[in-house]
Structure formats: structure tokens, C-alpha cells
Amino acid sequence: MSIPAALNELVAALTEHAEVMSEQEVAPRRAADVIERVRVAAARYSDATFESSGWGSPFSDLFEDEEQVEDGEGNEFGDGPVSGDAERISVTGRWDFVVTDQEEWFAHVAQGLDDRGAGDCAVELSSAAQAMHELLTHDDPFRGCTRHGLADGGQDWTIEQIPRTLSETSDEEYRD
């Protein structure tokens, strides 16, 4: 789906949502239906944006469960006040994968998203990279660490389709 088509679908879903929710008494089933249409349309818009540009969902961080606090220098963290002299670390890496069975991979991602209450994001999985993006967007791969003395200081990651994996690239080619 193209970005303009996905945008039109999202605008239509939002317009219907606004009309229904403006009514005096909204039947619970009707409310749930229009809310679901907005969620599906937003997921499609996010998917189209990712497919076209490689950028993630514009909605992914709108409703964070954790309360954000500042460390006194304008830096926000989710676990409470952080001392200005706290040690900061950054983890940078690259993990390459080869999708040998796209159908099995999409089924795994769809199940993972369902388990996280984000099954609507699996509506139109169209590439392995998009599927990985959706899975990681709705998960916290460092959750085991952030429970033990680490506060999430922010994330910046990308997922992209590549012509060759690291194991298929020579050291000389990788440096270039």
C-alpha cells in the first residue's frame, strides 16, 4: 500500500471515529469497531511509511507506560530520578539474519505481536525487515537488563534490507 493510500484510509477511519464518538450515546460494539478501524489504519500507515522510507511508526512512542522523569540536565528516564554523575553506556552492534522461510517468519512475528496485544500490526506484513521492525517496536529486547540497575536512556535503531550479510562480506568490503 502506498503512503497516500494509507493516509487516506487513516483519515477516513479517524473521520468515522470522530463522527461516532461525537454522538450522545455510543453503543459499546460500535465504539469498539471504529476504534479498531483507526488502529488498523494507523498500523497500515506505519507499515507504508516504513516500506517507503525505512522510518518507523510515527505512533510508536505516543503512549508509553512508564512515567518519564528528568535527571536535572533535561535527560528523561523511565525509572525515577537519575544522579548527574550516573555512568552512561551505549550498546552498538549489528545483527544480520537470512530469512529462509518467509511464511514461517511472518507466522512467528504475527504470534509474537498477538502475544503482546499488538496483533493488528501484523495485518499486512510485506517484508522480513518490516516484520522485524514491528516485532522489536512492540518488545523490549533489553528488558532483562533494565530491571537490574539500568534505566532506558533512549533508543535509536534501524532495520533495513541488505544485499549481503556480515558473514557474506569480507573484512575489506565491510570497512569500505
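Because the structure is a prediction, the values reported are computed rather than measured.

**Student:** I tried to follow the environment of Val34 on my own but got confused; where do I start?
**Tutor:** Position of Val34 relative to the elements: it lies in helix α2 (residues 28–53). For Val34 and His17, which are 17 residues apart along the polypeptide, the C-alpha to C-alpha distance reads 5.3 Å. Apart from residues lying up to four places away in sequence, Val34 is in contact with Glu16, His17, Val20 and Met21.

**Student:** Sorry, what's going on with the packing of helix α3 (residues 102–115) against helix α4 (residues 128–137) here?
**Tutor:** Working note: a packed helix pair is described by the angle between its axes plus the distance between those axes. The N-to-C vectors of α3 and α4 enclose an angle of 20 degrees; their axes lie 10 Å apart at closest approach. Classed by the angle they form, the pair α3 and α4 counts as roughly parallel. Here α3 and α4 pass one another in a crossing that is left-handed. Seen from α3, the contacting residues are Gln102, Trp105, Phe106, His108, Val109, Gly112 and Leu113; seen from α4, they are Ala128, Ala131, Met132, Glu134 and Leu135.

**Student:** Honestly, the nonpolar core in this entry has me stumped. Any pointers?
**Tutor:** Taken as a class, soluble globular proteins show a tendency for nonpolar side chains to be buried jointly. Ranked by size, the top nonpolar core spans 15 residues in total, and within it Trp105, Phe106, Val109, Leu113, Cys121, Leu125 and Ala131 carry the most contacts. When residues of this core are traced back to their parent elements, those giving at least two are α2, α3 and α4. Not counting residues within four places of it along the chain, the set of residues in contact with Phe106 comprises Leu125, Ser126, Ser127, Ala128 and Ala131. By size, the runner-up hydrophobic cluster in this structure holds 8 residues, among which are Ala6, Ala41, Ala42 and Tyr45.

**Student:** Mind showing me how you'd approach the pattern of salt bridges here?
**Tutor:** Working definition: two side chains of opposite charge can pair if their charged atoms are close together. Evaluated as defined, the whole model comprises 5 salt bridges. Salt-bridge contacts for Glu16 lead to Arg30; the nearest nitrogen and oxygen are separated by 3.3 Å. Of this pair, Glu16 sits in helix α1 (residues 3–21) while Arg30 is found in helix α2, placing the two residues 14 residues apart along the sequence. Among the salt bridges present, the one from Glu16 reaches Arg37, with a minimum N-O distance of 3.2 Å. With a gap of 21 residues between them, Glu16 in helix α1 and Arg37 in helix α2 connect regions that are remote in the sequence. Within the structure, one salt-bridge network assembled from shared partners comprises Glu16, Arg30 and Arg37.

**Student:** What exactly am I supposed to notice about the environment of Ala12 here?
**Tutor:** Position of Ala12 relative to the elements: it lies in helix α1. Along the sequence, Ala12 and Arg37 sit 25 residues apart, while their C-alpha atoms lie 9.3 Å from each other.

**Student:** Help me understand the confidence of the model for the chain in this model?
**Tutor:** Chain-level pLDDT for the chain is 78 on average; 82% of the residues reach the 70-or-more range. Mean pLDDT per element in the chain: strand β1 (residues 69–70) is the minimum at 45, and α1 is the maximum at 92. Low pLDDT, under 50, characterises residues 64–72; the stretch is placed with 17 contacts to residues that sit more than four places away or in other chains.

**Student:** Looking at this structure, I do not really get α1. What am I missing?
**Tutor:** Residues spaced three or four apart along an α-helix point in a common direction, a consequence of the helix completing one turn every 3.6 residues. Here α1 contains 19 residues, and its C-alpha end-to-end distance of 26 Å stays within 8% of the 27 Å for a straight helix at 1.5 Å per residue. Considering only its buried residues, α1 is in contact with α2. Put simply, Ser2 is the residue that caps the front of α1, since its side-chain oxygen is 3.1 Å from the backbone nitrogen of Ala5.

**Student:** Help me out: how do you make sense of the environment of Ser22 in this one?
**Tutor:** Its location among the elements puts Ser22 in the loop between α1 and α2. According to the relative accessible area criterion, Ser22 is exposed, its value standing at 61%. A polar side-chain atom of Ser22 sits 2.6 Å from the main-chain carbonyl oxygen of Ala18.

**Student:** Please clarify how α3 should be interpreted in this entry.
**Tutor:** Here α3 spans 20 Å end to end across 14 residues, near enough to the 20 Å set by a 1.5 Å rise per residue. Contact partners of the buried residues in α3: α4. Backbone nitrogen of Glu103 and a side-chain oxygen of the N-cap are separated by 3.2 Å at the start of α3; the cap is Asp101. Just past α3, the residue Gly117 takes up positive phi, approximately 75 degrees.

Procedures and definitions
Residues numbered from 1 in each chain as written. Predicted model: local features only at pLDDT ≥ 70, side-chain atom pairs only at ≥ 80, totals over all residues. Heavy atoms only, no water. Helix = DSSP H or I, 4+ residues; strand = E, 2+ residues; numbered from the N terminus. Contact = heavy atoms within 4.5 Å. Axes fitted to C-alpha atoms, helices over the stretch in contact; angles between N-to-C directions. Parallel < 35°, antiparallel > 145°, perpendicular 65-115°, else oblique. Left-handed = near helix turned anticlockwise from the far one by under 90°. Core = buried A, V, L, I, M, F, W, Y, C linked by side-chain atoms within 4.5 Å. Buried < 20%, exposed > 50% of the residue type's maximum accessible area, 1.4 Å probe, protein only. Salt bridge = Lys/Arg side-chain N within 4 Å of Asp/Glu carboxyl O. pLDDT = per-residue confidence, 0-100. Expected span 1.5 Å × (residues − 1). Polar contact = N/O pair within 3.5 Å; in protein donor to acceptor, adjacent residues only side chain to side chain.

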